[in-house]
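Observations on the three-dimensional arrangement
Chain residues, written in single-letter form:
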Amino acid sequence: MIDITLLGTGGMMPLPYRALTSLMVRYNGRSLLIDTGEATQISIRRRGWSFNPIDTILITHFHADHISGLPGLLLAMGNADRTEPVTIIGPEGLEKVVRGLLVIAPRLPFKVNCIELHEDSEYFEAIGLNIHAFKLDHSLTCYGYSMSLSRAGKFNPDAARELEIPVCYWKKLQQGETVTVDDKTFTSDMVMGEARRGLKVTYATDSRPIHSIVDAAAGSDIFICEGMYGEPDGDEKARDKKHMTMYDAAHLAKEAGVGELWLTHYSPSMVNPFEFSDKVKEIFADAHICKDRRSVTLNFEDEE
């Protein structure tokens, strides 16, 4: 299972009732964080989660509302007795930006490793999840991230018996290994069924609505997307500042065939984003105007 919590839903500046946008993902005892706006560590504490298991931090881009809280977060992790290395992944120039921010946190008790993204689309692994980084269309280089957990097919014990594979090798075959018994070689595809549906979460902010978001988010259980504006004049503001309206996000969710749309990254001028909910749901019925710390545990279909 995967636990996710949207730590904050604000854009541009933190407000007394709305923290800056950040997503925390937990899987198999480890955690991953996307973006670190001001006071992200406070939102983590309010959720009741710990800083210590954060192995990987993904940065979307270098605007202050997405990264200025990094030194404070790393200091909080150090004060919580973190000693294992932390990996930070983000756009080209990440190393320079992080080192500059860490001038005010020069004595961390753990190593910080920076990995820069250069291509329009890149794949890697973090905390046991498959990560797809894809470029967005913002006023500077910005990436969205999809996080997937694949699931193998069911083991077929009848097939294993028919092939006369000793029981002691079944677990290795289930784990995808190849085994050799008395000069006979057996591979996992001989005893495993078709791969089953896994889990997928996609996070996209800040950007104009582009088709690459649809491709990356396709089939996601949850699509977390910015809805910077909902007002009648929001289209013009979104175009000028290279953001999206709530309705742009809803159209993307519909086209991508996602399970749920979680809207986030609201403009500080939008006092009550919930007033636009009905109009958004006319486009995509399973859309949610999120509050800070909205959370869910995702399980495989037959384990819910």
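Per chain, residues are indexed from 1 in the order of the written sequence. Local features are withheld for residues below a pLDDT of 70 in this predicted model, meaning they are given only at 70 or higher, and side-chain atom pairs are given and counted only at 80 or more; totals for whole chains, interfaces and linings count all residues. Here the side-chain values reflect all heavy atoms present in the structure, with hydrogen atoms and water set aside.

**Some words on the overall build of the protein**
What counts here: Runs of H or I in DSSP of at least four residues are treated as helices and runs of E of at least two as strands, each being numbered from the N terminus. For a compact globule the rule gives 2.2 Å times the number of residues to the power 0.38, and the radius of gyration it is set against comes from C-alpha atoms. Only protein chains enter the calculation, and the probe is 1.4 Å; a residue is then buried if its accessible area is under 20% of its type maximum, exposed if over 50%, and partly exposed in between.
Helices and strands together make up the secondary structure of the protein, namely 10 helices and 16 strands. Expected size for 304 residues packed as a compact globule is a radius of gyration near 19 Å; at 21 Å, the protein falls within 12% of this value. By its C-alpha atoms, the protein is 70 × 50 × 35 Å across when sized along the principal axes. By the burial criterion, 53% of the 304 residues in the protein qualify as buried.

**A short note on the packing of aromatic side chains**
This is how it is decided: Note on ring pairs: Phe, Tyr and Trp rings are taken, using the six-membered ring of Trp, and paired if centres are within 6.5 Å. Classes follow the plane angle, with under 30 degrees stacked, over 60 edge-to-face and the rest tilted. Only lysine NZ and arginine CZ atoms are considered, and such an atom sits over a ring when it is within 6 Å of the ring centre and within 35 degrees of the ring normal.
One pass over the structure, following the stated rule, counts zero aromatic pairs. Here Arg26 stacks its cationic end above the ring of Trp49, 3.9 Å away from the centre of that ring. Positioned above the aromatic ring of Phe274, the side-chain terminus of Lys291 is 5.8 Å from the ring centre.

**Details of the nonpolar core**
The condition is simple: Note on terminology: a nonpolar core comprises buried Ala, Val, Leu, Ile, Met, Phe, Trp, Tyr and Cys residues joined through side-chain atoms within 4.5 Å. The contact definition used throughout considers only heavy atoms, calling two residues in contact when any of these lie within 4.5 Å.
Core analysis: the biggest nonpolar cluster contains 58 residues, and Phe223 and Leu261 have the highest contact counts within it. With seven residues, the single largest contributor to this core is helix H9 (residues 246–256). Apart from the residues within four sequence positions on either side, Phe223 is in contact with Thr202, Ala204, Ile213, Ala217, Ala249, Leu252, Ala253, Val258, Glu260, Leu261 and Trp262. The next biggest cluster of nonpolar side chains, apart from the first, holds 25 residues, and it includes Leu70, Val86, Ile88 and Leu102.

**Let's talk about unusual backbone geometry**
Cis geometry is found at the peptide bond from Thr205 to Asp206, where omega equals 10°. Within the secondary structure, Asp206 is located in the loop between strand S12 (196–204) and helix H7 (211–217). A positive phi is found at Met12, a non-glycine position, where the angle reads about 75°. Locating Met12 in the fold gives a position in the loop between strand S1 (2–8) and strand S2 (22–27). Among the residues examined, Met12 registers a relative accessible area of 44% and is labelled partly exposed. The phi dihedral of Asn28 is positive, around 55°, even though this residue is not glycine. Looking at the element boundaries, Asn28 is found in the loop between S2 and strand S3 (30–34). Residue class for Asn28 comes out exposed when judged on its relative accessible area of 66%.

Remember that the coordinates give geometry; whether it matters functionally is a separate question.
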